Amino acid sequence: MNCDEVRRWLALDLDGAAEPSADAAAHLERCAACRAEAGRLRSISAATRASLPPASTPPDFTERVMAHVLPPADDALDERARPRLRRWWPLLVPVLVPLLALAVWPLLSRRGPGAPKDTPLAPLAQASLGGAHVTALGPALVRDGELHGGAALLESGDDAAEIETPLGTIRLAPHSRGVARFGNTKEETMNARLAPAVLTLTLLAGHGSVATAQGDADAKPNRPVRIVKGNPPTIDAEALRAEVERIRALVQQVNEQLAAVTKQVAVAERTITDLIDSDRVRVAEDSINEAARAQLDDRLRLKVKLELAKQGELLKARDEEIARLRAELDAYKRRGDEIEAVDRVRADGEKLALASQLERARTLRQLIDRNRTRMRAICAAGGLPTQRQIEDLGKWYEELRELEALAIAKKQEDVARDAHSSIVRAYEYLAMATRLRELDAVRTYEVRPGDTLKSIAGARLGDAARADEILKANEGLDPDALRPGQRIRLPIAREEFEELRMRLAGEE
Amino acid sequence: MREDDRALVEAVRAGQVERFAALVDRHAAAVFRVVRSVVRQEADADDLAQEVFLASFRALPKLRDPSRFRAHLLTIAARKAADHLRRKSRRADPLPLTTEPSAPPPHGEHAADTVDEVVEDLPPATRLLLALRHHEGLSCVQIARVLDLPEGTVYSRLSRAHKAIRKALEVTDR
């Protein structure tokens, strides 16, 4: 390969149309100039790569693709897991409830674990204490096994019961009941230790007898309460229930009153605070306003002064700006005259270029037509278009394409239309001539030493029996006197070949 | 690399669908390069790239040679890109002589275009050819087969683009 051939090979290689070539590689080893060209072409490839838009893969792209690809995983999981859950979650209840209670307990008890344990009893809540059954009638409190609560109904069963209270022990005979009242609120009950007189204990002994215990003002803790026996009227269960109801209503009433009073106190406190605050605010506002007014006067005076000074400067600056703009305007006028002159020259140049392009397009058309006439003559005489003719046509075709592209870019429709019709024509001739030569190459066989008609038919037509057809296609061929180098016509694509040649030889 | 693709494709075919994510990770950049050469809008490119991967996923069972997954994927990407162009051009005016060039360059400055500008001004179809040629290293014949175009067309478009780029390079160097 020489330099020209290697350059052509390199250009083809850039376009991705070259076959690998050891020759070219060897030439590039030797020739520095061609190596430099190869480098330039590589830089074209690199520059193209750099100029194409970059691959910017969004960070969540894979997840989004997979979201379409994967089956909807969540639903599938739910379907499988739900029945199992339904079956075993009730088993958790006995575990969870005590846990929940443990978690909530410190919040309810208000005291640390070391302090006495309070069990508040809501009205009508029941508890068991010292062998007696206790029913709270109002809010009651049990602390460390002692009854501190407000009002409670105490009932003993088959055995006697002993209920500890801060004031002392209440003893109940078997099958008896009593109502113990300490006070209405928790606070009062807590104070019961200090004010035992609050305690009124009414005991209903076993067979309807009533015992009333009155706490002593100076009673000591853990001392039995004196029980004063009296003459009890018979009290039936109905009356007892009425008494319970009455006490409960009383407790509730007092509780409501207390809540109302607490609310009133809160409102009053808020009102007082508001009044005090608003007064303070008014005083503060007054003094601020006064200070602000003084400051405002000063600031206004200063501002007027500043404004005057600024206006003076602005006026000066504006005068300067006007002078500068005038100078610039003059400069632009001069520049405008120059540009106009240049434009005139350029327009003339473009007219000239257009004329020369038109001229060139016409010349190319004439060349193509002349080429075509020669081709027609050759084909009419039974020959084939020459390689040179095909190359010329290709060259002109390329040149016309460039002319056309240029004309389109510059919106010169005349030139573009002219070039386009020539392009169509050149392409048609080029295609026919190239195909004709290809067909000819396929149809011709050069005899090699040792060939027989049969071996040729076997090799090229795929069937040794078709030797007869070869004989028929070559008039006057002596099958026994084949010479190496002799050219033989093969019966392949004859119709297409002849038709093409006719078309090339004939008029359009 | 090849071998890995083969293993992944076979795993996905055997039902480990989640392994497809590795294939997406590995080849997303190449697909985006091809797609972005014809689609300017990032959101459109994103949609198109997703389509490419979903199509390749659906076609996995039919893939004859699992080690050629990348070639298969790029073929789909190139075809989708070409389809996208065809859809767009059908909406545009088909007569090149009457369409306005997007920004007519002032006369005389034309020769000073940079490579970036030249590539930017090329028809998107040609940019696609350039991307396949220079990013993916496909030959004329391979590109023609992938896009189902005559080889001569691919060659002449590439050759003209290269000439323009070379001219821009030489002007810039000077």
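Predicted, not measured: the structure shown is a model, and the values here were computed from it.

Thresholds, definitions, all that
- Residues numbered from 1 in each chain as written.
- Chains lettered and ligands numbered in written order.
- Predicted model: local features only at pLDDT ≥ 70, side-chain atom pairs only at ≥ 80, totals over all residues.
- Heavy atoms only, no water.
- Helix = DSSP H or I, 4+ residues; strand = E, 2+ residues; numbered from the N terminus.
- Buried < 20%, exposed > 50% of the residue type's maximum accessible area, 1.4 Å probe, protein only.
- Contact = heavy atoms within 4.5 Å.
- Areas by Shrake-Rupley, 256 points an atom, 1.4 Å probe, with all protein chains shown as cover.
- Buried area = accessible area lost by both parts, 1.4 Å probe.
- Salt bridge = Lys/Arg side-chain N within 4 Å of Asp/Glu carboxyl O.
- Polar contact = N/O pair within 3.5 Å; in protein donor to acceptor, adjacent residues only side chain to side chain.
- Core = buried A, V, L, I, M, F, W, Y, C linked by side-chain atoms within 4.5 Å.
- Expected span 1.5 Å × (residues − 1).
- Axes fitted to C-alpha atoms, helices over the stretch in contact; angles between N-to-C directions.
- Left-handed = near helix turned anticlockwise from the far one by under 90°.
- Parallel < 35°, antiparallel > 145°, perpendicular 65-115°, else oblique.
- Nonpolar A, V, L, I, M, F, W, Y, C, P; charged D, E, K, R; others polar.

Novice: What is the right way to look at the overall build of chain A in this model?
Specialist: Scanning chain A for helices and strands turns up 13 helices and 14 strands. By the burial criterion, 28% of the 508 residues in chain A qualify as buried. For chain A, the proportion of contacts with a sequence separation of at least 24, taken over those separated by at least 6, is 52%. On chain A, roughly 33,800 Å² of surface is accessible, and the fraction owed to carbon and sulfur atoms is 57%.

Novice: Please explain the interface of chain A and chain B as it appears in this structure.
Specialist: Frequently, the measure chosen for interface size is the accessible area removed from exposure when the parts meet. Contacts between chain A and chain B engage 41 residues on the former and 42 residues on the latter. The junction of chain A with chain B conceals about 3,700 Å² of combined surface from both sides, 64% of it contributed by carbon and sulfur atoms. Area buried by chain A at its contact with chain B is led by Asp15, Leu52 and Phe61 of chain A, which between them contribute 16% of it. Connecting chain A to chain B are two salt bridges. Residue arginine 64 of chain A pairs with aspartate 46 of chain B through a salt bridge whose shortest N-O separation is 2.7 Å. At the junction of chain A and chain B, the tally comes to 11 residue pairs in polar contact (both at pLDDT 80 or more). Those elements that provide at least two residues to the side of chain A that touches chain B are helix 1 (3–15), helix 3 (32–51), helix 4 (61–69), helix 8 (237–380), helix 9 (387–409) and helix 10 (413–443) of chain A. Sorting elements by how many residues they give to the side of chain A that touches chain B places helix 3 of chain A first, with 10 residues.

Novice: Quick question: what am I supposed to make of the environment of alanine 71 of chain B here?
Specialist: Checked against the element boundaries, alanine 71 of chain B lands in helix 4 (residues 69–91). Between the C-alpha atoms of alanine 71 of chain B and valine 146 of chain B, which are 75 residues apart in sequence, the distance is 9.6 Å.

Novice: Help me understand the nonpolar core, please; the structure alone is not making it clear to me.
Specialist: Generally speaking, a soluble globular protein has its nonpolar side chains buried in company with each other. Grouped together as the largest cluster of nonpolar side chains are 72 residues, with contacts concentrated most on Phe20, Phe53 and Leu147 of chain B. In terms of residues, this core owes the most to one element, helix 2 (residues 20–36) of chain B, which gives 10 residues. For phenylalanine 20 of chain B, the residues in contact, after removing those within four places along its chain, are Val65, Met66 and Val69 of chain A together with Val12, Phe53, Ser56, Phe57, Leu60 and Phe69 of chain B.

Novice: How should I be thinking about the side chain of histidine 84 of chain B in this particular structure?
Specialist: All names here are of chain B. Locating histidine 84 in the fold gives a position in helix 4. Judged by relative accessible area, histidine 84 falls into the buried class, the value being 14%. In contact with histidine 84, not counting residues within four places along its chain, are Val39 and Leu48.

Novice: Please explain helix 6 (residues 124–135) of chain B as it appears in this structure.
Specialist: Turn by turn, an α-helix covers 3.6 residues, leaving residues three or four places apart pointing in a common direction. Residues and elements named next belong to chain B. For helix 6, which comprises 12 residues, the first-to-last C-alpha distance of 15 Å matches the rise-based estimate of 16 Å (1.5 Å per residue) to within 8%. Within helix 6, nine of the 12 residues are buried, leaving the element largely enclosed by the surrounding structure. Trailing helix 6 by a residue or two, glycine 137 shows a phi angle of about 70°, which is positive.

Novice: Just to check I follow, could you spell out unusual backbone geometry for this structure?
Specialist: Trans is the common state for peptide bonds, and a negative phi is the common state for residues other than glycine. Located in the positive-phi region is lysine 411 of chain A, a residue other than glycine, with phi close to 60°. Examined against the element boundaries, lysine 411 of chain A turns out to sit in the loop between helix 9 and helix 10. Despite not being glycine, aspartate 148 of chain B shows a phi value in the positive range, around 60°. Among the structural elements, aspartate 148 of chain B can be located in the loop between helix 7 (140–147) and helix 8 (151–173). Since its relative accessible area comes to 67%, aspartate 148 of chain B is described here as exposed.

Novice: Can you help me understand the packing of helix 10 of chain A against helix 13 (residues 494–505) of chain A in this one?
Specialist: For any two helices packed against each other, the geometry is given by the interaxial angle and the distance between the axes. All names here are of chain A. In contact at an axis separation of 10 Å, helix 10 and helix 13 are set at 140° when each is read in the N-to-C sense. For the pair helix 10 and helix 13, the crossing hand works out as left-handed. Contact residues: helix 10 offers Glu428, Met432, Ala433, Arg435, Leu436, Leu439, Asp440 and Arg443, while helix 13 offers Arg494, Glu496, Phe497, Leu500, Arg501, Arg503 and Leu504.

Novice: Help me understand the packing of helix 1 of chain A against helix 2 (residues 22–30) of chain A, please; the structure alone is not making it clear to me.
Specialist: All names here are of chain A. Running from N to C, helix 1 and helix 2 point in directions that differ by 115°, and their axes come no closer than 10 Å. Judged on the interaxial angle alone, helix 2 and helix 1 are roughly perpendicular. When the axes of helix 1 and helix 2 are compared, the crossing they make is left-handed. Together, Cys3, Val6, Trp9 and Leu10 of helix 1 and Ala24, His27 and Leu28 of helix 2 make up the contact between the two elements. In the contact of helix 1 with helix 2, the residues fall into six nonpolar, one polar and no charged.

Novice: For this particular structure, what's the right way to read the pattern of salt bridges?
Specialist: Where side chains of opposite charge bring their charged atoms close, a pairing between them can arise. Residues and elements named next belong to chain A. Scanning the model with the defined rule gives 30 salt bridges over all chains in all. When the shortest N-O distance is used, the salt bridge between glutamate 321 and arginine 324 registers 2.9 Å. Taken together, the positions of glutamate 321 and arginine 324, both in helix 8 and three residues apart, correspond to about one turn of that helix. Note on glutamate 321: relative accessible area 35%, which makes it partly exposed. With a shortest N-O distance of 4.0 Å, arginine 501 and glutamate 498 are connected by a salt bridge. Of this pair, arginine 501 and glutamate 498 both sit in helix 13, three residues apart, which is roughly one turn of the helix.

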